[in-house]
Amino acid sequence: MMLTAIGLMSGTSLDGVDVALLETDGRQVRAFGPSGYRPYTETERSLLRHALFEAKDLPQRDARPGILREAERAVTLAHAEAVAAFTAQNRITCSDIDIVGFHGQTVLHRPDRKLTVQIGDAAVLAKAIHIPVMHDFRAADVAAGGQGAPFVPVYHRALAQSLQREGPIVVVNIGGVSNITYIDGPDTLIACDTGPGNALLDDFMFRVMSQGFDTEGRLAAQGRPDEAWIARALELPFFALPPPKSLDRNDFAALKLPEMRPNDGAATLTGLTTAAIARIVPLLPKPPKSWIVAGGGARNLTMLRMLRERLAPATVEAADVLGWSSDAIEAQAFGFLAARGLKGLPLSYPATTGVPIPMTGGIIARP
């Protein structure tokens, strides 16, 4: 039975809330619907940065001390506003939607402590939008000993199967953290985080240029990456670990650039993201033939150029070229995962998160 689902995603880049509609049975996608976006205000973004800092010492996943309670209210309200604007703009009624997949905002991800924390009140959201909301997708995986990330591979597989191209294919999502899904036929699905995505670069742009991000990679395009610094950064133990493995947004926050011009700093951090992605190739069963880039990094032309240089002779293309939505792909994924959760289908697997057995997940909050 096909379901009409809305997916919501607020990623580690802290840019805003992505909204996407699709028709799916949790195995394949019958149709893509419209997508939308509700940016965080600068006040909300500042609040979330503060919450990320405060969350480092959280003792348990349901604790909301101090600023975290305020941040959770802001995240919930922003998602409610995003759904209201999206449904009004597209003339969708709440009775048209079977389920909403609500990821929330990750503020702490420590699978080694069996702890992953996404803020956002699903019960309040469900009452505000008058639609059932599935949330808390990662908790069961982490509780069972999995990494709890990445969680989009089953959706990447559904998309890749429609391409009918020879594998191996890798879908790389470059958000705050970068992650890959390796697909080779119907049975081989491997996934992991590869390293920093846009987080270090965005933080650098905010600190040095008072800008949220490097638009189209223009600043990095004017600079020269410090390859020696990148090589030293790649000596960190994480990069040698085989999949599955996952990261918290702030795991590489301690990496400090030496004094350099802003354009060289942007080029170096963009180079680190792409070099970390390329570093995963020797850890995969076979070298990928093609790479498909989604997420905010797909709009960074310098990042795409560097990826092509580091991953040759494999092809590298932005997801939009294939008719996929680079911006909405993660939101679509959580609509897809909500449909899978409703049907009791697995959301994660041993080779995607390291969980002992295929795991379903998600909890439903009803209006």
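Worth saying up front: this structure is predicted, and the values here are computed from it rather than measured.

S.K.: Is there a simple way to explain the overall build of the chain in this structure?
M.R.: When helices and strands are counted, the chain shows 12 helices and 12 strands. Taking all 367 residues of the chain together, 57% fall into the buried category. Counting only contacts in the chain whose residues sit at least 6 apart along the sequence, the fraction spanning at least 24 positions is 70%. Carbon and sulfur atoms provide 53% of the accessible area of the chain, an area that totals close to 15,100 Å². Averaging the coordinates of the 36 positive side-chain charges in the chain and doing the same for the 38 negative ones gives two points 2 Å apart.

S.K.: Honestly, the packing of helix α6 (residues 199-209) against helix α9 (residues 262-278) in this entry has me stumped. Any pointers?
M.R.: For any two helices packed against each other, the geometry comes down to the angle between their axes and how far apart the axes lie. Relative orientation of the contacting elements α6 and α9 amounts to 170 degrees, with a least axis distance of 9 Å. Relative to α9, α6 is oriented roughly antiparallel. Residues L200, L201, F204, V208 and M209 of α6 touch α9, and the partners they reach there are P262, G265, A266, L269, T270 and L272. For the contact of α6 with α9, the residue count by class is nine nonpolar, two polar and no charged.

S.K.: What exactly am I supposed to notice about the nonpolar core here?
M.R.: In summary, soluble globular proteins display a tendency toward joint burial of nonpolar side chains. In this structure, I180, W291 and V293 are the most contacted members of the largest nonpolar core, which totals 42 residues. With eight residues, the top contributor of residues to this core is α9. Every residue in contact with I180, bar those within four places of it in the chain, is listed here: P150, V170, V171, V172, I190, A191, C192, T194, I280, L284 and W291. Judged by nonpolar contacts, the second largest core, of 40 residues, contains L48, A51, A63 and I97.

S.K.: Explain the pattern of salt bridges here, please?
M.R.: Tallying each qualifying case throughout the model produces 16 salt bridges. For the salt bridge of K286 with D184, the shortest nitrogen-to-oxygen distance reads 3.0 Å. Taken together, the residues K286 in the loop between α9 and β10 (290-294) and D184 in strand β8 (residues 177-184) connect sequence positions 102 residues apart. According to the relative accessible area criterion, K286 is partly exposed, its value standing at 42%. For R305, the salt bridge identified is with E309, shortest N-O distance 3.1 Å. Taken as a pair, R305 and E309 lie in helix α10 (residues 301-311) at a separation of four residues, close to a single helical turn. By relative accessible area, which is 39% here, R305 ends up partly exposed. On the basis of relative accessible area, E309 is assigned to the exposed category, the value being 52%. Through salt bridges with shared partners, one network takes in R38, E44 and E81.

S.K.: It is not clear to me how helix α2 (residues 67-89) should be interpreted in this structure. Could you clarify?
M.R.: Helical geometry note: an α-helix holds 3.6 residues per turn, so side chains three or four residues apart project in the same direction. For α2, spanning 23 residues, the distance from its first C-alpha to its last is 33 Å, which sits close to the expected 33 Å at 1.5 Å a residue. Phi turns positive, to about 55 degrees, at R91, one or two residues after α2.

S.K.: How should I be thinking about the packing of α9 against α10 in this particular structure?
M.R.: The geometry of α9 relative to α10 is characterised by a closest axis approach of 9 Å and an angle of 40 degrees between their N-to-C directions. The orientation of α9 relative to α10 falls into the category oblique. Considering the relative orientation of α9 and α10, their crossing is right-handed. Every residue of α10 that contacts α9 at A267, T270, G271, T273, T274, A275, I277 and A278 is listed here: T302, M303, M306, L307, R310 and L311. Among the residues making up the contact of α9 with α10, the classes are represented as eight nonpolar, five polar and one charged.

Reading the values: rules and limits
- Residues numbered from 1 in each chain as written.
- Predicted model: local features only at pLDDT ≥ 70, side-chain atom pairs only at ≥ 80, totals over all residues.
- Heavy atoms only, no water.
- Helix = DSSP H or I, 4+ residues; strand = E, 2+ residues; numbered from the N terminus.
- Buried < 20%, exposed > 50% of the residue type's maximum accessible area, 1.4 Å probe, protein only.
- Contact = heavy atoms within 4.5 Å.
- Areas by Shrake-Rupley, 256 points an atom, 1.4 Å probe, with all protein chains shown as cover.
- Lys, Arg positive; Asp, Glu negative; His and termini not counted.
- Charge placed at Lys NZ, Arg CZ, Asp CG, Glu CD.
- Axes fitted to C-alpha atoms, helices over the stretch in contact; angles between N-to-C directions.
- Parallel < 35°, antiparallel > 145°, perpendicular 65-115°, else oblique.
- Nonpolar A, V, L, I, M, F, W, Y, C, P; charged D, E, K, R; others polar.
- Core = buried A, V, L, I, M, F, W, Y, C linked by side-chain atoms within 4.5 Å.
- Salt bridge = Lys/Arg side-chain N within 4 Å of Asp/Glu carboxyl O.
- Expected span 1.5 Å × (residues − 1).
- Left-handed = near helix turned anticlockwise from the far one by under 90°.

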